[in-house]
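Coordinates in review
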Amino acid sequence: MTTTVEKVDVTVSTPVQPPQIDPAALLPEREPFQVLGTARAGGIDDELLRTLYWDVVRGRRYNLQATALAKQGRLAVYPSTTGQEACEVAAARALSPQDWLFPTYRDTLAAIVRGVDPVEALAVMRGDWHHGYDPYAHRVAPLTTPLATQLPHAVGLARAARLKGEDTVALAMVGDGGTSEGDFYEAVNFAAVLQAPVVFLVQNNRFAISVPLAKQSAALALADKAVGFGLPGRLVDGNDVVAVHQVLAEAVERARHGGGPTLVEAMTYRIDPHTNSDDDSRYRDPSEVERWRGHDPVLVLERSLRDMGVLDDADVEGAARSADDFAADLRERHDHQPSPDPMTLFSHVFANKTPQLSEQEAMVRAELQAQAEEDSQL
Amino acid sequence: MAQVLNAALRDALREDPAVHIMGEDVGTLGGVFRITDGLAAEFGSDRCADTPLAEAGILGTAVGMAMNGLRPVVEMQFDSFAYPAFEQLVSHVARMRNRTKGRIQLPITIRIPYGGGIGAVEHHSDSSEGYYMHTPGLHVVCPATHADAYGLLRASIASDDPVIFLEPKRLYWSKAQWSPQSIPEVDPIGTAAVRRHGTSATLITYGPSLQVCMEAADEAIKEGWQLEVLDLRSLVPFDDETVSAAVRRTGRAVVVHESAGFAGPGAEIAARITERCFHHLEAPILRVAGLDIPYPPPMLESHHLPSVDRILDAVARLQWEPGTSDGESC
């Protein structure tokens, strides 16, 4: 018995050529990249160093002020970045005006360094609205509470920029815990496949609320994950603001010139609890926190810049005074924020209000009028 | 209907350079249902883009594209494949305008091949409109006719609000006596249409169940019933005015849909009618809905989907007079 095998015409489309990259070149160095206290520190523009210093000093003061406001009940909650100011400052300073920053809920400091008014940046913590600033004014996306979900947004914005012929880069921030989320993997994969001009900054502050990194990921380094997606990973000392700035600035320029995305892991430490309402003594030894205080990003920078002769006592005092003024201004204006108008509840749900929403709007308006009449009779 | 949807997408791509289609297999293949057939060839693989297989990534990327001035049209390959994108949908797409006080708008159209009746395997036949309807900030539309497939899709893409566009799968292959020249004026999203006038009772439905209701209305004539048939077309916004007027004309109503009845769209619709038309009602509002079961295997789906007989049984139950035994069992 013979079997006739029909010939099948299989048309295979031209395969996409993968980028010609040596896999070894994608792997990060085993030791976090450092600049301060190394020979690399020479030759950096003094003006940049001073800017970064003023930023971290002001950033520390901002963290202290916002934490105080939270403890006084004037903010509903505040997730501090004390100990992580170097990452926050570097992320904002690595970008050009046409670029976009995609922060998490913890990254108000990065938004502020980018130019966002601190009073507006704290709106979500104060509770007057879910978001307080114009995202287009300084190109800072809304703070995002769900973890890693803003990363695909950064990829999409960067892709759109490229399709429109703009040389915009998106820098997206995420924490160590956020790298366990599906959206992190989808976003990094999309960015790599689309060669979108995106930089991912993982701030590894060692804890996702109470869960330490070892229980979060079995990877040797979070930056190692980049290799599997086909993009370069960089590991950097997250308390060395100059190093983080340098790595991010390089990655941003690479993306801008068609080099594709980069995944940067900054090794840092969250000195404060997850938020002011968290008891960190339940999950970590205070001596560990003390050890990290010795590697404080503000002190590390101040010490190095003094050694380099970039900074003197007068500069340090000047920065401190300026930071105090900044905090006083924040306190003053924070206290004078008007209460939100209840009618705005209906203003922005849709571009075109549904009839159902208009009915509810009328109901609330009537309730407010009745209440006002009642109050006026008292 | 597949060709009509294809024509709507083609016309949208031609008229507005901001329109970008993206999804799994929408490029070279033209989509598993061929809705995007030929569009990548005509407009390029950037404007009709194959993406990695990741729904949250697809929708999340569309959010960023919309933030940067584009109008993404996203295809979710099958109704239940859209669930991984649910967080992006409810946590970002639906809320972004509200969160940013209108500063960021997301004109994203999310096309979802929807519903059963095509003998597909599990996870290819869900009716998921209830999830979307329950999320403030989303429009939810579902065409039942060729003209609406074109008109509603064009209106969805033109809308500055995100729209869930449910495409009844079993109508994909319905032959179109249709050409772009023959379409009537496009109605705005949020208006229902009376497909048939009647006096005995009003059938309220949308999408794939419209055809079943029209057949039921034909059959009902043998019983002496003149049924009115109302096609909602848009679930959000909901056209209370047209629905209420139709129910007041007949005093009796049956809501017909494929998705599970319990806490389903019919419950909301019946409640809205009761609130607005109680004194005009001659009988309780009844629902003919999908069973409260996970979508059944293909060989059993006929027992799940609303049928002409079930609709006629419901209409019969509505013809009761107060005090009769029928009425008490109602």
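Nothing here was measured: the structure is a model prediction, and the numbers come from that model. (Residues numbered from 1 in each chain as written. Chains lettered and ligands numbered in written order. Predicted model: local features only at pLDDT ≥ 70, side-chain atom pairs only at ≥ 80, totals over all residues. Heavy atoms only, no water.)

With respect to the overall build of chain B
A count of helical and extended segments in chain B gives 13 helices and 12 strands. In terms of overall size, chain B behaves like a compact globule, its C-alpha atoms giving a radius of gyration of 20 Å where 330 residues would be expected to give roughly 20 Å. Per-residue burial over chain B gives 64% buried out of 330 residues. Long-range pairs, those at least 24 residues apart, make up 80% of the contacts in chain B between residues at least 6 apart in sequence. By element, 52% of the accessible surface of chain B is carried by carbon and sulfur atoms, the whole surface being about 12600 Å². For chain B, the distance from the average site of its 27 positive side-chain charges to the average site of its 42 negative ones is 5 Å. (Helix = DSSP H or I, 4+ residues; strand = E, 2+ residues; numbered from the N terminus. Rg over C-alpha atoms; globule rule 2.2 N^0.38 Å. Buried < 20%, exposed > 50% of the residue type's maximum accessible area, 1.4 Å probe, protein only. Contact = heavy atoms within 4.5 Å. Areas by Shrake-Rupley, 256 points an atom, 1.4 Å probe, with all protein chains shown as cover. Lys, Arg positive; Asp, Glu negative; His and termini not counted. Charge placed at Lys NZ, Arg CZ, Asp CG, Glu CD.)

Describing the sheet that holds strand β9 (residues 227–231) of chain B
All names here are of chain B. Strand order in the open sheet made by the five strands is β7-β9-β8-β11-β12, with mixed pairing throughout. Two strands lie at the open edges of the sheet, namely β7 (193–196) and β12 (286–290), each paired on one side alone. Here the strands of the sheet are splayed against their neighbours by 25° on average, with no regard to which way each runs. Direction of pairing for strand β11 (residues 253–260) relative to β12: parallel, over a ladder of five bridges. (Pairing = 2+ DSSP bridges. Axes fitted to C-alpha atoms, helices over the stretch in contact; angles between N-to-C directions.)

Thoughts on the nonpolar core
In this structure, Phe200(A), Met67(B), Ile108(B) and Leu232(B) are the most contacted members of the largest nonpolar core, which totals 85 residues. Listed in part, the 66 residues of the second largest apolar core include Tyr62(A), Leu95(A), Val119(A) and Val247(A). (Core = buried A, V, L, I, M, F, W, Y, C linked by side-chain atoms within 4.5 Å.)

Some thoughts on the packing of helix α8 (residues 209–220) of chain B against helix α12 (residues 308–318) of chain B
Residues and elements named next belong to chain B. Relative orientation of the contacting elements α8 and α12 amounts to 60°, with a least axis distance of 9 Å. Relative to α12, α8 is oriented oblique. Crossing angle aside, the handedness with which α8 passes α12 is right-handed. Judged by residue contacts, Val212, Cys213, Glu215, Ala216, Glu219 and Ala220 of α8 engage Val308, Ile311 and Leu312 from α12. For the contact of α8 with α12, the class distribution of residues is seven nonpolar, no polar and two charged. (Parallel < 35°, antiparallel > 145°, perpendicular 65-115°, else oblique. Left-handed = near helix turned anticlockwise from the far one by under 90°. Nonpolar A, V, L, I, M, F, W, Y, C, P; charged D, E, K, R; others polar.)

Section: the sheet that holds strand β1 (residues 100–102) of chain A
Residue and element names in this part refer to chain A. Spatial strand order, β1-β2-β3-β7-β6: five strands in an open sheet with parallel pairing. Every interior strand has two partners, whereas the edge strands, β1 and β6 (233–237), have only one. Direction aside, neighbouring strands of the sheet carry axes that sit 20° apart on average. With three bridges connecting them, β1 and strand β2 (residues 170–175) associate as parallel partners. Paired with leucine 101 across the bridge in β2 is leucine 171. Packing against the sheet, helix α12 (residues 241–256) makes contact with β2, β3 (198–204), β6 and β7 (262–267), and its axis sits at approximately 155° to β6.

Comments concerning the environment of Leu263(A)
Within the fold, Leu263(A) resides in strand β7. In sequence terms Leu263(A) and Val202(A) are 61 residues apart; their C-alpha atoms lie 7.5 Å from each other.

Quick look at the side chain of Asp296(A)
Residue and element names in this part refer to chain A. Relative to the helices and strands, aspartate 296 is located in the loop between α13 (286–293) and α14 (297–307). Given the relative accessible area of 9%, aspartate 296 is considered buried. A distance of 2.7 Å separates a polar atom in the side chain of aspartate 296 from the backbone nitrogen of valine 298. (Polar contact = N/O pair within 3.5 Å; in protein donor to acceptor, adjacent residues only side chain to side chain.)

Section: the pairing of strand β8 (residues 201–205) of chain B
Successive residues of a regular strand alternate their side chains across the two faces of the sheet. All names here are of chain B. Across the five residues that make up β8, a large majority, five, are buried. Here β8 shows two buried faces, one formed by Ala201, Leu203 and Thr205 and the other by Thr202 and Ile204. Inspection of the sheet shows β8 paired to β9 by five bridges, in the parallel sense. Each bridged residue has a counterpart across the sheet, and for threonine 205 the counterpart in β9 is aspartate 231. In this view, the connection linking β8 to its parallel neighbour β9 by way of α8 has right-handed handedness. Relative to β11, β8 runs parallel, the two being bridged by three bridges. Among the inter-strand pairings, threonine 202 is bridged to a residue of β11, identified as alanine 253. (Right-handed = clockwise from strand over helix to strand, strands pointing away.)

So, helix α10 (residues 265–277) of chain B
For an α-helix, 3.6 residues make a turn, and residues three or four places apart therefore share a direction. Across its 13 residues, α10(B) extends 18 Å between first and last C-alpha, which sits within 8% of the 18 Å expected from 1.5 Å per residue. If you check which residues of α10(B) are buried, you get Pro265(B), Gly266(B), Ile269(B), Ala270(B), Arg272(B), Ile273(B) and Cys277(B). For α10(B), the angular spread of the buried residues around the axis is 160°, confining them to a single face. Against α16 (355–377) of chain A together with α6 (129–133), β8, α9 (240–250), β11 and β12 of chain B lie the buried residues of α10(B). (Expected span 1.5 Å × (residues − 1). Arc of directions from axis to C-beta.)

Quick look at the confidence of the model for chain B
All names here are of chain B. Averaged over every residue, the pLDDT of chain B is 94; the share at 70 or more is 94%. Here residues 325–330 scores under 50 on pLDDT; set against residues more than four positions off or in separate chains, the count is eight contacts. Under the prediction, the complex receives an ipTM of 0.93, its pTM being 0.94. (pLDDT = per-residue confidence, 0-100.)

Here we look at the packing of aromatic side chains
Tallied over the full model, the rule gives 17 aromatic pairs over all chains. Ring geometry for Tyr62(A) against Tyr78(A): centres 5.9 Å apart, planes inclined by 90°, an arrangement best described as edge-to-face. Note that Tyr62(A) is positioned in helix α2 (residues 46–71) and Tyr78(A) in the loop between α2 and α3 (85–93), a separation of 16 residues in sequence. Aromatic rings pair up to connect Phe33(B), Phe78(B), Phe81(B), Tyr172(B) and Trp173(B) into one cluster. (Phe/Tyr/Trp six-rings, centres within 6.5 Å; stacked < 30°, edge-to-face > 60°.)

Quick notes on unusual backbone geometry
Residues and elements named next belong to chain B. A cis geometry characterises the amide bond from valine 236 onward to proline 237, with omega recorded as 0°. Note that proline 237 resides in the loop between β10 (234–236) and α9. For histidine 123, which is not glycine, the phi torsion reads 70° and is therefore positive. Relative to the helices and strands, histidine 123 is located in the loop between β4 (109–114) and α6.

Some points on the interface of chain A and chain B
Contact residues are listed per partner, giving 39 residues for chain A and 45 residues for chain B. Each partner contributes to the roughly 3600 Å² buried at the junction of chain A and chain B, and carbon and sulfur atoms together form 61% of this total. Between Arg276(B) and Glu359(A) there is a salt bridge, and its shortest N-O distance comes to 2.4 Å. Counting across the chain A and chain B interface gives 22 residue pairs in polar contact (both at pLDDT 80 or more). Among the secondary structure elements, those contributing two or more residues to the side of chain A that touches chain B are β1, α7 (135–138), α8 (150–163), α9 (182–194) and α16 of chain A. Of the residues forming the side of chain A that touches chain B, the biggest block, nine residues, is contributed by α8(A). (Buried area = accessible area lost by both parts, 1.4 Å probe. Salt bridge = Lys/Arg side-chain N within 4 Å of Asp/Glu carboxyl O.)

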